[in-house]
Amino acid sequence: MDGEADGTVGMSEDCGPGRRRRVHGMLKLYYGLNEEGKAAEESESLDPCDINGPHFDPELYLNKLRRECSLAELMDQETCMVKQIRSLDSDMQTLVYENYNKFISATDTIRKMKNDFKKMEDEMDCLSANMAAITEFSASISGTLQDQHTQITKLSGVHTLLRKLQFLFELPARLNKCLELQAYAQAVSSHRRARCVLQQYSHLPSFKGIQDDCHAIMDKLAQELRQKFRDGGSSAKDLSECVELLLQLDEPAEELCDKFLSHARSRLESDLQGLEAEIRPYPSASAVKDASARRLSSTAGAGSLTNNSPKTSTLPSPTSNTDILEFIDRGCNEFVSSLCLVITSYQELFINHAQTGELASKNIPQMANAKLHVFVDDLAAHYFSLVERRIQEEKGVGDNSLLVRALDRFHRRLQAVAKLLPGSTVPNKGTEIVIRAATERVKQYLSALQSFYMDSLTDVRQALATPRLSVAGASVAGGGALLGGPASGRDAPTSLPELLSSLSASILNQIKSVLASVHLFTAKDITFSNKPYFKGEFCSQGVRESLVVSFIKFVCQSSRQFCESAGDKGGSTPPALLLLLSRLCLDYETSTISYILTLTDEQFLVQHHSPVTPVTTLCAEAREAAQKLLNHYVKVQGLIISQMLRKSVETRDWVNTIEPRNVRAVMKRVVEDTTSIDVQVGLLYEEGVRKAHSSDSSKRTFSVYSSSRQQARYAASYTPSAPMDTNLLSNIHKLFSERIDIFSSVEFNKVSVMTGIIKISLKTFLECVRLRTFGRYGLQQIQVDCHYLQMYLWRFVSDENLVHFLLDEIVGSSAHRCLDPAPMEQSVIEVICERGRRQYCLQSRLHLHVIHRRPIMRPNSQAPKHKSSHDTEREFGGTLGAICIPIFLPLTVLFLICVSRSPEASVLQWHPPLPSTDQLWDPLAPVLLLGWVALHALLYLMPLGKV
C-alpha cells in the first residue's frame, strides 16, 4: 500500500506532457524499441553485471557493489533503485489507466473475429463439397457425349464449306445486284472476301468462270467509281468512300492523290478568284501624285496651331467594295475553311487511313503527305499575295481597329492549318504578313508624324509673318520688334512663348494619339500580340526605334537643316523660327525625350533584348541641334545688324562730311533692333549671368589717343631720324589684351546670345572702318556714334569691357585712318548723344502711340529709305531766339563799346554816353547784314546737305 500511495503521489505531482513523454521513452528503452516502434537492432551485452542486459546476474551484481562501494554509496544506490522501481510502477499504472478502453475494445474485437472465422470455415467446407460433386457430374456427361461431339464437328465443317461454295456460286449475281443498287462498298467487300479463294482454285474450270465474271463486274464497278470521282458533285463523305473503294480495287494511289487535289484546287481557286475580284487594281503613279497633292493642300488649309487636340494627318484610303475586316472574314470563311476541310479529308483518305495487306507495303502516307504540302503551299502563296495587296490598300492612319481585328482573325484561322498540317510553312508565312503589316503601319504613322511636324512649322512661319500686335513683344524703350500671331482665330498664339507651347503640345498630343493607335496591335485579346516572335521585336524595334526614336531624330535633323546658310532654304528662314526651334530642341533634351520614351516603354512593356538607342544619345543629339540653331540665330541677327552698319559706312563720304550735330539714324536703328532682339530672346531664354557693372558704364569716354594710339597726334612732327611706327605699338598692345572670339558658341541664356550678336555687329563695324579714310568731322562723327552705342549696348552683354574694347578699337582705327585727327571734346559728344537719346525716347513714345492706332508693320519689314531731315526740337531757343539774336546782339556790342569809352568804364552806369549819329550809322552795314542773312537762306535752300 505504501508503494501504491507513493506512486499515486508521484503521478499527481509529475503529471503533464513532459512526464508522459519521459514515461514513453523509458518504456521504449525497457522493451528495446526505437522511435518507430520497432525493436532496435543492438548488439547484446554479455556482461552479467549490466542491469539492463539479458545476462544480468543479481548475485554477481550485489557482490560487486559490496566489494567496490562504501556503505554510503550502497545506501545511495539503494535509494536510486527504489525510486526507479516506483517510477516504473507508476508509469505502468498510468498506461493501464489511459488505455483501459482500448484494451476492452481490442478484447471484444478479437472475440468477435473468432466467432466470424468459425462460421466462414463451415461455409467453405460446404462449398468445397458442392464443387467436388459438380466436377464428378461434368466428367460423366463429357464421357457420355464424346462420340456425338466428334460427329457434330464434322457435320459443322461440311456445312460451312457448303455455305462458302454457295457464296462463290452466287457471287456474280450478288455483285450485279449491288451494282444496280449502287451498294459499291458491299460489292467491294464481297469481292475481297472471295478473291483469294478464286485465285487459289482458278485452275478449276468452274472457279475460273466465276473469277472471270467477277473481274468483269468489278471492272465495271471501278469505271463507275472513277466517273463519280471525276464528276466531284458528291459530298465529301461520298468522295472519301469512293477513294477508299478505288484503293481497295488496286487503283494507283499516286494517281488518286493527284485527281483528288486537282478537284480540290479547282474549287479553292474559284474562292480565290472571288477574293481577287474585291481588290481594285493598283493605282497609277499620276493618281498617287494627285492624291498626295490633294492631301497636302487640304492639310495646309486646315492645319492650325490653335487646336491642341490630337489630330491625325490622314492619307486618302482607296474605296473598295468591302472593308479589310469583311475581306479577311470572307477569305477565312471560304478559302481557309475549305482548305482545312480538304486537308482533313485528304489525311483521312491517304495518310491517317489504316493500310492493310499490299497497301501497307506501298508507303502511301509519305507520298501523299509530300503532295499535300506542295498543294497547300501553292494555294496559300496565292492567298497571301491577295491578302497583302488588300492590306496595302489600307493607307489611312485614322482608325486601326478594323485592320488589327482583321489581322487577328487572319492569324487565328491560320493556326487551324498549323494543327491540321504539322510542319507546314503556311502559319509562319502568315505571321510574317502580320508582322510586315504592323511594321508598314508604323512607317505610315511615322510619315504622318513627319508631315504633321512640317505642317506645324509652316503654321508657325505663317504666324510669325502675320501682322498682329503682341504686347510681350514690345520693347521697354518702345522700339522692340513685334511678334506676329496666326492669321485668324481669337485664341491664336500672339507671342513666341505661346507659339512654342502650342507647337510642343500639339506634337506631344499627336505622338500620344499615334501611340494609342499603335497600341491596338498589342492588346490582350489579340492572339498574335502575346507571341514572343511578334511582341518583343515589334515593341522594341518597331514602335520605340522605328517610330518614336526615328521621329525625334527627324525633328532634330529637320531643325538642323534650317541652319544651312547657303541656298534659298537657309536664307528665307525667319530668325524668330530659329530661336523657337532652338528652344524646342532644348526642351526636348531636358524633359520631353525622357517623357516620351518612358511613356512608350510603360505603354508597350518594351523589353530591351535587342540594342536600342539610349536616352542620353537622343538628348545629346537634341542639344546639339539646339546649340546649332542658337548659334545660327546669333549669326543671322548679327549679320542683319552688320549689314546696316556696313552700308552706313560704305555709302558715306567720311573725308568731306560736315561737322556732326546729331547721332546718325542708323545707330538709333541698331539700338532699336538690338533692344527688340533682347526682348525676343528674353521671351524664351533665361537672363543668364552677368559680370558686375561699373557705376559709370553709360558715361565711359573713348579717347582717340588711348594707350599706344597717343603717339598718332604727333606723328606728323616726327622726323625721319626718329620714326615711330604707331601700328607696331598698336599690335604690341593687342598682344597683351584679352582675345575676343567673335563666332564662338553661345550658351542657352539671353546674355550670351546678345553678347554674340553684339560682337558680330561691332566686329563688322570695326572692319568696315578699317577700310575707309576719314576727315576731321568723319572722326568726330565716329566718336559720337560709338559713344551713343556705348550708352545702350553695355546693358546687353555679359561683360561691359567687351563693348568698351571693341568701340575703343573702332575709334582708334578711325583715328589711324584720319587725315586730320582732331577729336571732339567729350562734353560736346555727351550733349549731342543726350539730345539724340531724348529724340529717341520721344520717337519711341510716338511710335507706341501710333502702334495702338494703326496696323503694325511686319517685324522684318524694312524701314523707309527717306526720312525728314527736320528735327522737332529747334536750336537757340526756337523761332523767338532766332529773331532776338540779330537784334540784341549788336545792341549789346554797342553798349559795351560805349561803356568802355566813358571815363568811369563801368557797366552799371546808365545811361552810357552814345556816339554821334554819323558814327552810328553806316549805309554799308544794313547791306552786309541783309547779304549775310540772304547767303544763309540760299545755302539752306540749295541741295548741298545738312547745314
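Just so it is clear, the structure is predicted and the values come from calculations on it, not from any experiment.

Concerning the overall build of the chain
Step number 1: Summing up its helical and strand segments, the chain has 28 helices and zero strands in all.
Step number 2: Burial status across the chain gives 38% buried among its 947 residues.
Step number 3: With the model as given, the accessible surface of the chain reaches about 55,100 Å², and the carbon-plus-sulfur share is 57%.

Focus on the environment of Thr79
Step number 1: Note on placement: Thr79 falls in helix H4 (residues 71-98).
Step number 2: Look at Thr79 and you get partly exposed, because its relative accessible area is 41%.
Step number 3: One polar contact links the side chain of Thr79 to the main-chain carbonyl oxygen of Met75, over a distance of 2.9 Å.

Quick notes on the confidence of the model for the chain
Step number 1: For the chain, mean pLDDT is 75; residues scoring 70 or higher make up 74% of the total.
Step number 2: Across the chain, element-level confidence peaks in helix H19 (residues 615-650) with a mean pLDDT of 91 and bottoms out in helix H1 (residues 2-13) with 41.
Step number 3: Here residues 702-726 is a poorly scored stretch, pLDDT under 50, and it has 38 contacts once near neighbours within four places are set aside; other chains count.
Step number 4: Note that residues 848-873 has pLDDT below 50 and, in this model, 24 contacts with residues that lie over four places away or in other chains.

A few points about the UniProt feature "transmembrane region" (unreviewed entry) in the chain
Step number 1: Mapped onto this structure's residue numbering, the UniProt feature "transmembrane region" (unreviewed entry) falls at residues 876-899 and 920-942.
Step number 2: A distance of 35 Å separates the end C-alpha atoms of residues 920-942, which is 83% helix and 0% strand.

Concerning the nonpolar core
Step number 1: Grouped together as the largest cluster of nonpolar side chains are 188 residues, with contacts concentrated most on Phe350, Phe375, Tyr383, Val518, Phe521, Leu547 and Phe765.
Step number 2: Not counting residues up to four positions away in its chain, the partners in contact with Phe375 are Leu261, Ala264, Arg265, Leu268, Leu339 and Val342.

A few points about the packing of aromatic side chains
Step number 1: As enumerated under the stated definition, the model contains 12 aromatic pairs in all.
Step number 2: Considering the side-chain rings of Phe260 and Tyr346, the 5.7 Å spacing of their centres and the 40° angle between planes classify their relative orientation as tilted. In this pair, Phe260 sits in helix H9 (residues 253-277) while Tyr346 sits in helix H11 (residues 324-351), placing the two residues 86 residues apart along the sequence.
Step number 3: You can call Phe260 buried: its relative accessible area is 5%.
Step number 4: A residue is classified by how much of its surface remains accessible, and Tyr346, at 0% relative accessible area, is buried.
Step number 5: Measuring from centroid to centroid gives 5.1 Å for Tyr788 and Tyr792, while their planes differ by 55°, and the two rings are tilted. Pair noted here: Tyr788 and Tyr792 are both in helix H23 (residues 776-793), with a separation of four residues, about one helical turn.
Step number 6: You can call Tyr792 buried: its relative accessible area is 12%.
Step number 7: Grouped by ring-pair contacts, the aromatic residues Phe335, Tyr383, Phe384 and Phe410 constitute a single cluster.
Step number 8: Positioned over the ring face of Tyr685 is Arg583, at 5.3 Å from the centre of the ring.

Describing a negative patch on the surface
Step number 1: A surface patch of like charges, here negative, comprises Glu121, Asp122, Glu123 and Asp125.
Step number 2: By the secondary structure assignment, Asp122 is in helix H5 (residues 100-181).
Step number 3: Accessibility expressed as a relative area gives 48% for Asp122, which makes it partly exposed.

A look at the environment of Asp378
Step number 1: Checked against the element boundaries, Asp378 lands in helix H12 (residues 364-392).
Step number 2: Judged by relative accessible area, Asp378 falls into the partly exposed class, the value being 39%.
Step number 3: Distance from Asp378 to Arg265, taken between C-alpha atoms, is 9.9 Å for residues 113 residues apart in sequence.

Section: the pattern of salt bridges
Step number 1: Tallied over the full model, the rule gives 28 salt bridges.
Step number 2: A salt bridge links Glu432 to Arg436; the nearest nitrogen and oxygen atoms lie 4.0 Å apart. A residue pair is termed a helical-turn pair when its members lie 3 or 4 positions apart in one helix, as Glu432 and Arg436 do in helix H14 (residues 426-465) at four residues.
Step number 3: Relative accessible area serves as the criterion here: at 43%, Glu432 is assigned to the partly exposed category.

Quick look at the packing of H14 against helix H15 (residues 496-518)
Step number 1: Packing of H14 against H15 brings their axes to within 11 Å, and their N-to-C directions diverge by 165°. Considering the angle they form, H14 stands roughly antiparallel to H15. Between H14 and H15 lies a crossing whose hand is right-handed. Note on element contacts: H15 touches H14 through Leu496, Leu499, Leu503, Ser506, Ile507, Gln510, Ile511, Val514, Ser517 and Val518, opposite Val442, Tyr445, Leu449, Phe452, Tyr453, Ser456, Leu457, Val460, Ala463 and Leu464.
Step number 2: For the contact of H14 with H15, the residue count by class is 16 nonpolar, four polar and no charged.

Brief notes about the side chain of Thr674
Step number 1: Examined against the element boundaries, Thr674 turns out to sit in helix H20 (residues 665-682).
Step number 2: Among the polar contacts listed, one links the side chain of Thr674 to the backbone oxygen of Val670, at a separation of 2.7 Å.
Step number 3: What Thr674 contacts, discounting residues up to four positions off in sequence, is Ile641, Met754, Ile758, Leu793 and Phe796.

Details of the packing of helix H16 (residues 532-561) against H19
Step number 1: Two elements in contact, H16 and H19, have axes separated by 8 Å at closest approach and are oriented at 15°. Taken together, the axis directions place H16 and H19 in an arrangement best described as roughly parallel. When the axes of H16 and H19 are compared, the crossing they make is left-handed. Of the residues in H19, those touching H16 at Arg544, Val549, Ile552, Lys553, Cys556, Gln557, Ser559 and Arg560 are Val615, Leu618, Glu621, Ala622, Ala625, Lys628 and Leu629.
Step number 2: Here the contact of H16 with H19 is built from residues that sort into eight nonpolar, two polar and five charged.

Side note on the side chain of Glu545
Step number 1: Position of Glu545 among the secondary structure elements: in helix H16.
Step number 2: Take Glu545: its relative accessible area is 11%, and that puts it in the buried class.
Step number 3: A distance of 2.8 Å separates a polar atom in the side chain of Glu545 from a polar atom in the side chain of Thr613.
Step number 4: Ignoring any residue separated from it by four or fewer positions in sequence, one finds Glu545 in contact with Ser540, Ser550, Val612 and Thr613.

Basis of the calculations
- Residues numbered from 1 in each chain as written.
- Predicted model: local features only at pLDDT ≥ 70, side-chain atom pairs only at ≥ 80, totals over all residues.
- Heavy atoms only, no water.
- Helix = DSSP H or I, 4+ residues; strand = E, 2+ residues; numbered from the N terminus.
- Buried < 20%, exposed > 50% of the residue type's maximum accessible area, 1.4 Å probe, protein only.
- Areas by Shrake-Rupley, 256 points an atom, 1.4 Å probe, with all protein chains shown as cover.
- Polar contact = N/O pair within 3.5 Å; in protein donor to acceptor, adjacent residues only side chain to side chain.
- pLDDT = per-residue confidence, 0-100.
- Contact = heavy atoms within 4.5 Å.
- UniProt positions renumbered as here; feature names shortened; annotations may be inferred.
- Core = buried A, V, L, I, M, F, W, Y, C linked by side-chain atoms within 4.5 Å.
- Phe/Tyr/Trp six-rings, centres within 6.5 Å; stacked < 30°, edge-to-face > 60°.
- Lys NZ or Arg CZ within 6 Å of the ring centre and 35° of its normal.
- Patch = residues over 30% accessible without salt bridge, like charges linked within 9 Å, V, L, I, M, F, W, Y side chains within 5 Å.
- Salt bridge = Lys/Arg side-chain N within 4 Å of Asp/Glu carboxyl O.
- Lys, Arg positive; Asp, Glu negative; His and termini not counted.
- Charge placed at Lys NZ, Arg CZ, Asp CG, Glu CD.
- Axes fitted to C-alpha atoms, helices over the stretch in contact; angles between N-to-C directions.
- Parallel < 35°, antiparallel > 145°, perpendicular 65-115°, else oblique.
- Left-handed = near helix turned anticlockwise from the far one by under 90°.
- Nonpolar A, V, L, I, M, F, W, Y, C, P; charged D, E, K, R; others polar.

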